[in-house]
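Structure assessment
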Amino acid sequence: MNILPVSTASLLVLIFSIACTLNFVEAARNNRHVTCGTVLKLLNTDYKVRLHSHDVKYGTGSGQQSVTATELQEDVNSHWAIKAATGKNCERGEPINCGDTIRLHHLATNKNLHSHHFQSPLSGNQEISAYGDEHGEGDSGDHWLLVCSGDSWVRTNPVRFQHVDTDMYLGVSGRTFGRPINGQMEVIGQPNPYSGTEWIAAEGLFIHPTEKDSGARVHTEL
């Protein structure tokens, strides 16, 4: 068996290491963005709770499906899919840009994050609900403008969601519910983008931009 000189073997190891590093960097770069088709959990940066919904209706206001925030990381009712606005399409794996209008689709109940001119039950701010028909289709009240810095939604950067119809910002009031959703926090629409309105992408099933054609691979952090 031929043994490579030490210098040649070292050079091959170095080349291999560089190639692996470049592949890692490329994978990390491709996985930086939240993209169309991504399913994720949204973590409120001030209160450390995740946007949540369930088949429990409000007893006041619109009477629609309630939206809350929970401290539980592993709750499956906190998964939301990123979709285009009603009547629009976005390409699977396409990065979501700052200023885009999107829908947040609740996977467990097939409804969309929604708002309208009803008062929230605890703080008297604007109510946030989940809304849609059996096909998961609602109306313009499901539309949210992505407010962020830079060109597109980067997973590690905080973003805000501004309701298109009413201009309110998606936030958390800090108040908690009693039964039947004991301990979960009130999610609200508020007029100012201050306390409780920043969210980051937490756990999820992230579609890489370079994988949008084949649809074969995703990055999972569920």
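Details of the structure are given in the entry above.
What you see is a predicted model; the values in this text were computed from it and never measured.

1. Notes on the packing of aromatic side chains
Summed over all chains, the structure comprises 1 aromatic pair. Between the aromatic rings of W153 and F161, the centroid separation amounts to 5.6 Å while the plane-to-plane angle is 70°, which identifies the pairing as edge-to-face. Accessibility assignment for this pair places W153 and F161 in one class, buried. Residue placement shows R155 over the ring face of F206; its charged tip is 3.8 Å from the ring centre.

2. Side note on the side chain of Q184
Its place among the elements puts Q184 in the loop between β10 (169–176) and β11 (185–190). Under the relative-accessibility criterion, Q184 is labelled buried at 14%. Among the polar contacts made by the side chain of Q184, one reaches the side chain of T68 at a distance of 2.5 Å. Ignoring anything within four residues of it in the chain, the contact list for Q184 reads H52, H54, T68, A69, T70, R175, T176 and F177.

3. Thoughts on the nonpolar core
Counting 31 residues, the largest nonpolar core has L51, L113, W153, F161 and L170 as the members making the most contacts within it. At 3 residues, the largest contribution of residues to this core is made by strand β12 (residues 199–206). Setting aside residues up to four positions removed in sequence, F161 forms contacts with L42, I102, L104, W144, L145, L146, W153, M168, Y169, L170 and W199.

4. Here's the deal with the environment of G124
Mapped onto the elements of the fold, G124 is located in the loop between β6 (111–119) and β7 (126–131). A relative accessible area of 37% places G124 in the partly exposed class. Through-space distance from the C-alpha of G124 to that of G189 is 9.9 Å; in sequence the pair is 65 residues apart.

5. Some remarks on the environment of G183
Here G183 shows up in the loop between β10 and β11. Note: C-alpha distance between G183 and T70 (113 residues apart in sequence) is 7.8 Å. Setting aside residues no more than four positions away along its own chain, G183 makes contact with T176 and F177.

6. Side note on the state of the cysteines
For the structure shown, the criterion picks out 2 disulfides. Bridging C36 to C90, the disulfide has an S-S length of 2.0 Å. Residues C36 and C90 are joined through a disulfide that is right-handed, its torsion about the S-S bond being 70°. Pair noted here: C36 is in the loop between α1 (6–30) and β1 (39–44) and C90 is in the loop between β4 (80–84) and β5 (101–106), with a separation of 54 residues, a long-range link. The buried category is assigned to C36, whose relative accessible area is 6%. Judged by relative accessible area, C90 falls into the partly exposed class, the value being 25%. The residue that forms a disulfide with C98 is C148, at a sulfur-sulfur distance of 1.9 Å. Between C98 and C148 the sulfur-sulfur dihedral comes to about -115°; the bridge is accordingly left-handed.

7. Quick look at the pairing of β7
Most of β7 is tucked away: 5 of the 6 residues are buried. Of the pairings in the sheet, the one linking strand β3 (residues 65–70) to β7 comprises 2 bridges and is antiparallel in character. Following the sheet pairing, Q65 is matched in β7 by A130. Pairing of β6 with β7, which is carried by 5 bridges, proceeds in the antiparallel orientation. Along β7, the bridge assignment pairs S115 with I128. The sheet contact formed by β7 and β11 spans 2 bridges and is antiparallel. Residue pairing for β11: Q126 is matched across the bridge by G189.

Rules behind the numbers
Residues numbered from 1 in each chain as written. Predicted model: local features only at pLDDT ≥ 70, side-chain atom pairs only at ≥ 80, totals over all residues. Heavy atoms only, no water. Phe/Tyr/Trp six-rings, centres within 6.5 Å; stacked < 30°, edge-to-face > 60°. Buried < 20%, exposed > 50% of the residue type's maximum accessible area, 1.4 Å probe, protein only. Lys NZ or Arg CZ within 6 Å of the ring centre and 35° of its normal. Helix = DSSP H or I, 4+ residues; strand = E, 2+ residues; numbered from the N terminus. Polar contact = N/O pair within 3.5 Å; in protein donor to acceptor, adjacent residues only side chain to side chain. Contact = heavy atoms within 4.5 Å. Core = buried A, V, L, I, M, F, W, Y, C linked by side-chain atoms within 4.5 Å. Disulfide = S-S within 2.5 Å. Pairing = 2+ DSSP bridges.

Interpretation note: all reported values are geometric properties and have no functional meaning in isolation.
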